[in-house]
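Letter by letter, the chains look like this.
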Amino acid sequence: MRTISAKIPKKCWVGEQQKVCYATREEAEAAALVAEHDYGAPKLGVYKCEYGDHWHLSSHG
Ligand SMILES: [Zn+2]
């Protein structure tokens, strides 16, 4: 049997909501583009988390 290593997105609490963490700015920007295309989400921005060494998406640009 093979073990399938599922990639579980890391999350952290930012204020009152839990947000997905992205290891790099490029990864976050790619995820933002996917969200815009797949869900018709408004333009998403990326920003460096103040609680850790990772990035989050921001719906406020
Ligand atoms: Zn964070």
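For clarity, every value in this text was computed on a predicted model and none was experimentally measured. (Residues numbered from 1 in each chain as written. Predicted model: local features only at pLDDT ≥ 70, side-chain atom pairs only at ≥ 80, totals over all residues.)

A. Molecular detail of the overall build of the chain. Within the chain one finds one helix and four strands. Of the regular secondary structure in the chain, the N- to C-terminal order runs β-β-α-β-β. Seen through its C-alpha atoms, the chain measures out along the principal axes to roughly 45 × 30 × 20 Å. Sequence-distant contacts in the chain: of pairs separated by 6 or more residues, those separated by 24 or more amount to 35%. (Helix = DSSP H or I, 4+ residues; strand = E, 2+ residues; numbered from the N terminus. Contact = placed C-beta atoms within 7 Å.)

B. Focus on the environment of valine 46. Position of valine 46 among the secondary structure elements: in strand 3 (residues 45-48). As for valine 46 and tyrosine 22, which are separated by 24 residues in sequence, their C-alpha atoms are 9.6 Å apart. Excluding its chain neighbours within four sequence positions, the residues that come into contact with valine 46 are Arg25, Ala28, Glu29, Ala32, Trp55, Leu57 and Ser58.

C. Molecular detail of the pairing of strand 4 (residues 55-58). Across four bridges, the pairing between strand 3 and strand 4 is antiparallel. Looking across to strand 4, one finds that glycine 45 is bridged to serine 58. Between strand 3 and the antiparallel strand that follows it, strand 4, lie six residues. (Pairing = 2+ DSSP bridges.)

D. Region of the structure containing helix 1 (residues 25-39). Look at helix 1: 21 Å from first C-alpha to last across 15 residues, which is about the 21 Å you get at 1.5 Å a residue. Glycine 40, located one to two residues past helix 1, shows a positive phi value of around 60°. (Expected span 1.5 Å × (residues − 1).)

E. Structural context of the environment of valine 20. Along the polypeptide, valine 20 turns up in strand 2 (residues 17-20). Counting along the chain gives 37 residues from valine 20 to leucine 57, while the straight-line C-alpha distance between them is 7.9 Å. Not counting the four nearest positions on each side in its chain, valine 20 is found in contact with Pro9 and Lys11.

F. Examining the pairing of strand 1 (residues 11-14) more closely. Sheet topology places strand 1 next to strand 2; four bridges connect them, and they run antiparallel. Paired with cysteine 12 across the bridge in strand 2 is lysine 19. Once strand 1 ends, the chain turns through two residues before running back antiparallel as strand 2, passing glycine 15 with a positive phi of about 65°.

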